[in-house]
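Residue-level structure breakdown
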Amino acid sequence: AEIAGDAAEGAISGAAWFIANPTLENRAFVDDYKAEYGSDPDQFAAQAYTAAWVLAKAIQDAGSADRAATTGDMKTMGSQLLPCCAGRSCEGKTR
């Protein structure tokens, strides 16, 4: 936006993740990331964290790391409100 100057006025863009999302899960992720790495996380760190969280949850729910056992659980997670940094919008609605 700084480079575009006035030409960016009123522009709207989307993002896969928002660092200032006020959910407790996101704040914990950002704080923990900063404590570990000394800088703010980017959207790729948030997406990687969420992917690992989804996999760990599927393994926990299935009681197994077997692909067949975890696949069904991961397929249904897309319609759930996931308690992780990229799993909620700023309004707390499902993504």
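Keep in mind the model is a prediction, meaning the values are calculated, not measured.

1. So, the packing of aromatic side chains
A full pass over the atoms with the stated rule returns 4 aromatic pairs. Ring centres 6.0 Å apart and planes at 50° place the aromatic pair F29 and Y33 in the tilted group. With F29 and Y33 both in helix α1 (residues 24-37), this residue pair falls 4 residues apart, about one helical turn. Judged by relative accessible area, which is 8%, F29 ranks as buried. Between the aromatic rings of Y33 and Y37, the centroid separation amounts to 4.6 Å while the plane-to-plane angle is 45°, which identifies the pairing as tilted. Pair noted here: Y33 and Y37 are both in helix α1, with a separation of 4 residues, about one helical turn. With a relative accessible area of 22%, Y33 lands in the partly exposed category.

2. Some details on the pattern of salt bridges
For the structure shown, the criterion picks out 3 salt bridges. A salt bridge links R27 to D31, with the nearest nitrogen and oxygen atoms 3.9 Å apart. Residue R27 and its partner D31 are located together in helix α1, separated by 4 residues, close to a single helical turn. Under the relative-accessibility criterion, D31 is labelled partly exposed at 43%. Here K57 ties to D61 by a salt bridge, and the two come within 2.8 Å at their closest N and O atoms. Taken together, the residues span about one helical turn, with K57 and D61 both in helix α2 (residues 43-62) at a distance of 4 residues.

Conventions used here
- Residues numbered from 1 in each chain as written.
- Predicted model: local features only at pLDDT ≥ 70, side-chain atom pairs only at ≥ 80, totals over all residues.
- Heavy atoms only, no water.
- Phe/Tyr/Trp six-rings, centres within 6.5 Å; stacked < 30°, edge-to-face > 60°.
- Helix = DSSP H or I, 4+ residues; strand = E, 2+ residues; numbered from the N terminus.
- Buried < 20%, exposed > 50% of the residue type's maximum accessible area, 1.4 Å probe, protein only.
- Salt bridge = Lys/Arg side-chain N within 4 Å of Asp/Glu carboxyl O.

The quantities given are spatial measurements derived from coordinates; they are silent on function.
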